[in-house]
Amino acid sequence: MAKKKTIRSIPQERTPMREQAPQARAKNFEEVACGYGLEEALRESERCLMCPDEPCISGCPVGINIPAFILKITEKNFRGAYDILTDTNLLPSVCGRVCPQENQCEGVCTVGESLEAVAIGRLERFVGDAAIREGWTNIPYIEPNRFKVGIVGSGPAGMACAADMAKAGCDVTVYEAFHQAGGVLKYGIPDFRLPNEVIDAEIDNLKKLGVKFECNTLVGRLFTIDQMIGEMGFHAVFVGVGAGYPTMLGIPGDSLNGVLSANELLTRCNLMRAKEFPDYDTPLPMGKRVAVVGAGNTAMDATRVSLRLGAEKVYCIYRRSRTEAPARAEEVHHAEQEGVEFHWLTNPASILDDGKGGVLGMRCVRMELGEPDSSGRRRPVPIAGSEFDFAADLVVYAIGTNANPIMGQTSSLKLNKRGYIDVDENLAASVAGVFAGGDIVTGAATVIEAMGAGRKAARSMKAYLGIRDAGLPYLNRSGTGAGTLFGIDTRERNFARVRVA
Amino acid sequence: MKMSNFEIVAREDFSDVTYLLEVRHPLMAKAAKPGQFVIVMLNEHSERIPLTIADFDRRKGTVTMVVQAVGKTTMQMQQECLVGTALFGMVGPMGHPSQTSRAKKVACVGGGLGVAPIFPQARGFKESGAYVIAILGFRNRDLVFWEDKFRACCDELILCTNDGSAGIKGMITDGIKLALARHSDIEEVVSIGPPVMMKACAEATRAAKIKTMVSVNPIMVDGTGMCGGCRVKVGGQVKFACVDGPDFDGHQVDFDDLMSRLQRFTAAEREAKDRWSESCRMTKQIGPGVSPRGSPEIESRSELLDLLNDAKGG
Ligand SMILES: Cc1cc2nc3c(=O)[nH]c(=O)nc-3n(C[C@H](O)[C@H](O)[C@H](O)COP(=O)(O)OP(=O)(O)OC[C@H]3O[C@@H](n4cnc5c(N)ncnc54)[C@H](O)[C@@H]3O)c2cc1C
Ligand code: SF4
Ligand code: FES
């Protein structure tokens, strides 16, 4: 290692990432953030102080060894960086793009105390993209065992569990209801934020591990979880079906034709490629003035997709203030740059009917922040007499989702009061051999948390099946010798580093 | 273990616009129950369209759907779905199966496309020992299908055509009135067809408080409860047809809301269909047609729109 760096000696400014100009990008579906090039990545990697206490690692839901991978970048050993990343994170290209880093690793980065935090996410993406470009994969030697594992749902939770179980030697099949695998990454998050090629590359890596994908398969209805464990001969099953059941506001005008869920808008646009209508057959509801309700990632995606589909005006309506908005900071910022008009502290009261079954506009009421509620956020309360109307012809709800009812309808799995699957601390569900994780357990959360849950469930599953899992399951087996000391894994010297989920 | 490659093993053309497809999918044939539906994709660029399961054969391992060519996708399917070809995708069986109640006397009402999916229900009731009256409505004699199939499993069959070219002349509600006049002890009515028809049917039985189940089929995307596009109002509450239905109490369903929501994409659908018909015409003029059957020409546009509205919810 070079001379010890100090906060004074590192490049002071966070290296900016090239982006498409807001005016241009608001008209296309190309990726907005172009990613770091070599020079930029090298420069940014120099900003890491290699802190001995590694706060960023504990900020990461899956405990990526962040300073170690950044160190490899400074050494221009990108393959080495990739190996370290994939020790814990199956989808670096995806997570580098969509993780809420500001609340995780970057939120606790030491540099961030006096300057802007190290752009860990951007560096992660740089390495992940290099791997896709170069075709790197880490396929360990797999000793097949006799176990058959079924995975229900192909989102990040299911993919992560599938990968670990395949690496452990199991015969793994992933069942997906849609005609394409990927879960929210495919149907929800738009191309300009996460291109489909990135997801497909990651899915191909799973296939290389021997994981089989069966799309067009609605588990619960085509066969049940009980049948999987029973007659179909699966030794263990992981349920990662997500929580996509959209909430409607329940205000007058809800069922008008111009009102739809963000999930419907995004699925039509992203998965069904309605943006390429009529080349693809699925139609899209078009709006000139679109009002999106909510301020999470889903809402930001809906606003930005609407702009790209040609809306003249896009409003974002949120009943709390900007600080409470659950979306990644970068998404709000991007939406703003692209011309989305934000109405903070504004709550919809009703949707106005145009008399022909469509939407004429929306009636809203202004809010102010009162006392903190149970979530610790200050509760918004309506300001009396502040109602106002504005014109809109499309209203998109992005106000949250609930558990999908199919698993509950068709299995004996115990659910909690809100309809999510009940699991113990090892993510084991109430039926022996069945594990669950991701949004269907926690409610809508993040990609990285879903992935972490998939890995955690895989660990429990291995224990359940009696597969030897030395507690060091994510060793670097690429044969490069990286991460080993005289053949002894570095983590065997220092157990503190072994951190999973 | 590949589930199925969705191969079409049989096809029957009931009329210029109505055709039957039998698809090999052994696992689905095993799981399917009356009242459930599937979502199919013709090819990678297609829409996902919901179709009610009209029949299934566990022994042969096949699932049957009856389709009316009314929009671009269904017209293209009519042209391309030949025996030996395969669908790009088919997922299901979706939705709650119909509850075959213990009613002793039931009327099974099917209009237009609804005739096909009402069949397994009629058969189900017969198998559980009920007296089954089938009431089927078609536009005219040429569109009638499965008459013998119904005769074989029902105690009575009332056939209605708009022009009287087969059975009684009149709307399906006339058939229901006739059945209600003949039998005062009908315990349950099951009705599948265009929303207007199901609405009329529910109105016809409301006064006598006869339990009336209808099968709604709104516009869908995923069919797994994830988009909310299929929402319907039932008893003042919002339900998702794909996971809460598709069967609901006909006296509770807000049919006007359903019909209005079915119009969501009319303009885009028309555009797609026109564009497609035009390209078919072009190909035919240019040279040997790619289509083995020729594009189905429908005489008047207004008839087509009628059909379109009929078929939705069928
Ligand atoms: C629009 C949008 C934007 C988002 N943006 C971000 C972001 O920027 N950063 C971030 O960290 N998180 C984001 N999230 C949240 C994140 O995507 C989810 O938390 C994560 O995908 C959950 O993963 P999962 O594996 O639990 O479920 P999902 O990704 O939902 O996958 C579940 C899969 O299971 C399938 N399935 C469901 N039922 C069945 C069944 N019965 N049989 C077979 N298959 C079934 C579904 O079709 C789906 O493909 C976003 C979510 C949305 C909707
Ligand atoms: S906290 Fe920041 S500076 Fe310190 S090791 Fe982690 S990324 Fe580097
Ligand atoms: S079709 Fe999407 S929720 Fe029913």
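Remember, predicted model here, so these are calculated numbers, not experimental data. (Residues numbered from 1 in each chain as written. Chains lettered and ligands numbered in written order. Predicted model: local features only at pLDDT ≥ 70, side-chain atom pairs only at ≥ 80, totals over all residues. Heavy atoms only, no water.)

Secondary structure summary: chain B contains 10 helices and 15 strands in total. Burial statistics for chain B: of 314 residues in total, 61% are counted as buried. When contacts within chain B are restricted to residue pairs at least 6 apart in sequence, long-range pairs at least 24 apart make up 68% of them. (Helix = DSSP H or I, 4+ residues; strand = E, 2+ residues; numbered from the N terminus. Buried < 20%, exposed > 50% of the residue type's maximum accessible area, 1.4 Å probe, protein only. Contact = heavy atoms within 4.5 Å.)

With that settled, consider the packing of helix H5 (residues 78–88) of chain A against helix H8 (residues 120–134) of chain A. Residues and elements named next belong to chain A. Close contact between H5 and H8 brings their axes to 9 Å; oriented N to C, the two are set at 105°. With respect to their mutual orientation, H5 and H8 come out roughly perpendicular. Across from Phe78, Ala81, Tyr82 and Leu85 in H5, the residues of H8 making contact are Glu124, Phe126, Val127 and Ala131. When its residues are assigned to classes, the contact of H5 with H8 shows 7 nonpolar, no polar and 1 charged. (Axes fitted to C-alpha atoms, helices over the stretch in contact; angles between N-to-C directions. Parallel < 35°, antiparallel > 145°, perpendicular 65-115°, else oblique. Nonpolar A, V, L, I, M, F, W, Y, C, P; charged D, E, K, R; others polar.)

All right, on to the interface of chain B and chain A then. Interface extent is often summarised as the accessible area lost during association of the parts. Contact with chain B, which involves 53 residues of that partner, is made by 44 residues of chain A. Here chain B packs against chain A, burying approximately 4000 Å² in sum over the two surfaces, 57% of which is carbon and sulfur. Three residues stand out in chain B for area buried against chain A, namely B:His45, B:Met226 and B:Arg231, and they jointly supply 17% of the buried area on that side. Here chain B and chain A share 1 salt bridge between them. Note that B:Lys30 and A:Glu231 form a salt bridge whose closest N and O atoms lie 3.4 Å from each other. Viewed at the interface, chain A and chain B are joined by 16 residue pairs in polar contact (both at pLDDT 80 or more). Of all the elements in the fold, those that place two or more residues in the side of chain B that touches chain A are helix H1 (26–31), helix H2 (72–80), strand E6 (89–94), strand E13 (231–234), helix H7 (241–244), helix H8 (255–261) and helix H9 (266–286) of chain B. (Buried area = accessible area lost by both parts, 1.4 Å probe. Salt bridge = Lys/Arg side-chain N within 4 Å of Asp/Glu carboxyl O. Polar contact = N/O pair within 3.5 Å; in protein donor to acceptor, adjacent residues only side chain to side chain.)

Right, let's get into the state of the cysteines. Using the criterion set out here, one finds 0 disulfides over all chains in the structure. Here B:Cys154 is not disulfide-linked; the sulfur of B:Cys153 is the nearest cysteine sulfur, at 3.9 Å. (Disulfide = S-S within 2.5 Å.)

In the region of ligand 2, the neighbouring residues are A:Cys48, A:Leu49, A:Met50, A:Cys51, A:Pro55, A:Cys56, A:Ile66, A:Pro67, A:Cys109, A:Thr110, A:Val111 and A:Ile120. Across the shell around ligand 2, the residue classes tally to 11 nonpolar, 1 polar and no charged. (Near = heavy atom within 4 Å.)

Before going further, it helps to examine the domain arrangement of chain A. Residues and elements named next belong to chain A. For chain A, the assigned domains are domain 1 (22–134), domain 2 (148–244 + 403–465) and domain 3 (247–401). In this structure, domain 1 and domain 2 have C-alpha centres spaced 27 Å apart. Taken together, the contact between domain 1 and domain 2 spans 22 residues of the former and 23 residues of the latter. In total, about 1800 Å² of surface goes out of reach between domain 1 and domain 2, with carbon and sulfur atoms giving 75% of it. Of all residues in domain 1, Leu90, Leu91 and Val98 give up the largest surface area on contact with domain 2, accounting jointly for 30% of the area buried on that side. (Domains from an automatic or database assignment.)

In this section: the side chain of A:Ser261. By the element assignment, A:Ser261 lies in strand E6 (residues 259–261). Given a relative accessible area of 0%, A:Ser261 falls into the buried group. Only 3.0 Å separates the side chain of A:Ser261 from the backbone nitrogen of A:Glu264, close enough to count as a polar contact. A distance of 2.5 Å separates a polar side-chain atom of A:Ser261 from the backbone oxygen of B:Cys227. Aside from chain neighbours lying at most four places away, what touches A:Ser261 is A:Pro246, A:Val396, A:Tyr397 and B:Cys227.

All names here are of chain A. Not every one of the 35 residues close to ligand 1 is listed here, only the nearest: Val98, Glu176, Arg193, Val219 and Asp439. One of the side-chain N or O atoms of Glu176 is found 2.6 Å from an oxygen atom in ligand 1. Val219 is positioned such that a nitrogen or oxygen atom in its backbone is 2.8 Å from a nitrogen atom of ligand 1. The protein chains hide 96% of the 1000 Å² of surface that ligand 1 would expose on its own. Going through the elements one at a time, helix H9 (156–167), helix H14 (297–308) and helix H18 (447–465) are the ones with two or more residues in the shell around ligand 1. Looking at the shell around ligand 1, the element that brings in the most residues is H14, giving 3 residues. Here the shell around ligand 1 is composed, by residue class, of 18 nonpolar, 12 polar and 5 charged. (Areas by Shrake-Rupley, 256 points an atom, 1.4 Å probe, with all protein chains shown as cover.)

A separate point is the sheet that holds strand E1 (residues 148–152) of chain A. Residue and element names in this part refer to chain A. Pairing is parallel in the open sheet, where 5 strands are placed in the order E3-E2-E1-E4-E16. Both outer strands of the open sheet, strand E3 (212–214) and strand E16 (434–436), are each paired with one neighbouring strand and no more. Looking at each pair of strands side by side, their axes are set apart by 20° on average, direction ignored. When strand E2 (residues 171–175) meets E3, the two strands line up parallel, connected through 3 bridges. Within E3, the position partnered with Tyr175 by the bridge is Glu214. Of the strands in this sheet, E1, strand E4 (236–239) and E16 touch H18, which is tilted by about 165° from E4. (Pairing = 2+ DSSP bridges.)

Structural remark: α-helix, 3.6 residues per turn; residues separated by three or four positions point the same way. A rise of 1.5 Å per residue sets the reference length of helix H11 (residues 196–208) of chain A, with its 13 residues, at 18 Å; its end C-alpha atoms lie 18 Å apart and thus fit the reference within 8%. Remark: A:Gly210 follows H11(A) within two positions and exhibits a positive phi of approximately 100°. (Expected span 1.5 Å × (residues − 1).)

This brings us to the nonpolar core. The tendency in soluble globular proteins is for nonpolar side chains to be buried as a group. Core analysis: the largest hydrophobic core is formed by 84 residues, its most contacted members being A:Ile66, A:Phe69, A:Met165, A:Val172 and A:Leu185. It is H18(A) that contributes the most residues to this core, 9 residues altogether. Of the domains in this structure, domain 1 (22–134) and domain 2 (148–244 + 403–465) of chain A are the two that each give at least three residues to this core. Beyond its immediate stretch of four places on either side in the chain, A:Val172 contacts A:Val149, A:Ile151, A:Ala162, A:Met165, A:Ala166, A:Gly210, A:Val211 and A:Lys212. In terms of nonpolar packing, the next biggest core, distinct from the first, is built from 47 residues, A:Leu413, B:Tyr19, B:Ile49 and B:Cys81 among them. (Core = buried A, V, L, I, M, F, W, Y, C linked by side-chain atoms within 4.5 Å.)

On to the packing of aromatic side chains. All names here are of chain B. Applying the stated criterion across every chain yields a total of 18 aromatic pairs over all chains. Both rings, one in Phe14 and one in Phe145, keep their centres 4.2 Å apart while their planes meet at 5°; by these two values the pair is stacked. Of this pair, Phe14 sits in the loop between strand E1 (8–13) and strand E2 (18–24) while Phe145 sits in the loop between strand E8 (131–138) and helix H4 (147–153), placing them 131 residues apart in sequence. Taking the relative accessible area as the measure of exposure, Phe14 reaches 12% and is therefore buried. With a centroid separation of 6.1 Å and an interplanar angle of 80°, the aromatic rings of Phe14 and Trp146 are classed as edge-to-face. Placement of Phe14 in the loop between E1 and E2 and of Trp146 in the loop between E8 and H4 is noted, with a sequence separation of 132 residues between them. (Phe/Tyr/Trp six-rings, centres within 6.5 Å; stacked < 30°, edge-to-face > 60°.)

Right, let's talk about the pairing of strand E11 (residues 188–192) of chain B for a bit. Residue and element names in this part refer to chain B. For E11, the buried fraction is high: 5 of the 5 residues fall into the buried class. Both faces of E11 are covered, namely the face carrying Glu188, Val190 and Ile192 and the face carrying Val189 and Ser191. Both strand E7 (residues 105–111) and E11 contribute to a ladder of 5 bridges, which runs parallel. Paired with Val109 across the bridge in E11 is Ser191. As a crossover connection, the stretch from E11 through helix H6 (residues 195–206) into strand E12 (residues 211–215) is right-handed. (Right-handed = clockwise from strand over helix to strand, strands pointing away.)

What follows deals with the sheet that holds strand E10 (residues 168–169) of chain B. All names here are of chain B. On the basis of which strands lie adjacent, the open sheet formed by 7 strands has the order E10-E9-E8-E7-E11-E12-E15 and mixed pairing. Unpaired on one side and paired on the other, E10 and strand E15 (247–249) mark the two borders of the sheet. Relative to E10, strand E9 (residues 156–161) runs parallel, the two sharing 2 bridges. By the bridge assignment, Cys160 is partnered in E10 with Ile168. H6 contacts E7, E11 and E12 of the sheet and is inclined by roughly 165° relative to E11.

Backbone torsion omega between B:Gly92 and B:Pro93 reads -5°, so that peptide bond is classified as cis. Inspection of the secondary structure assignment puts B:Pro93 in strand E6. Omega for the bond connecting B:Gly245 with B:Pro246 falls within 30 degrees of zero, at 10°, which places this linkage in the cis form. By secondary structure assignment, the location of B:Pro246 is in the loop between H7 and E15. If you check the backbone angles, A:Glu54 has positive phi at about 45° while not being a glycine.

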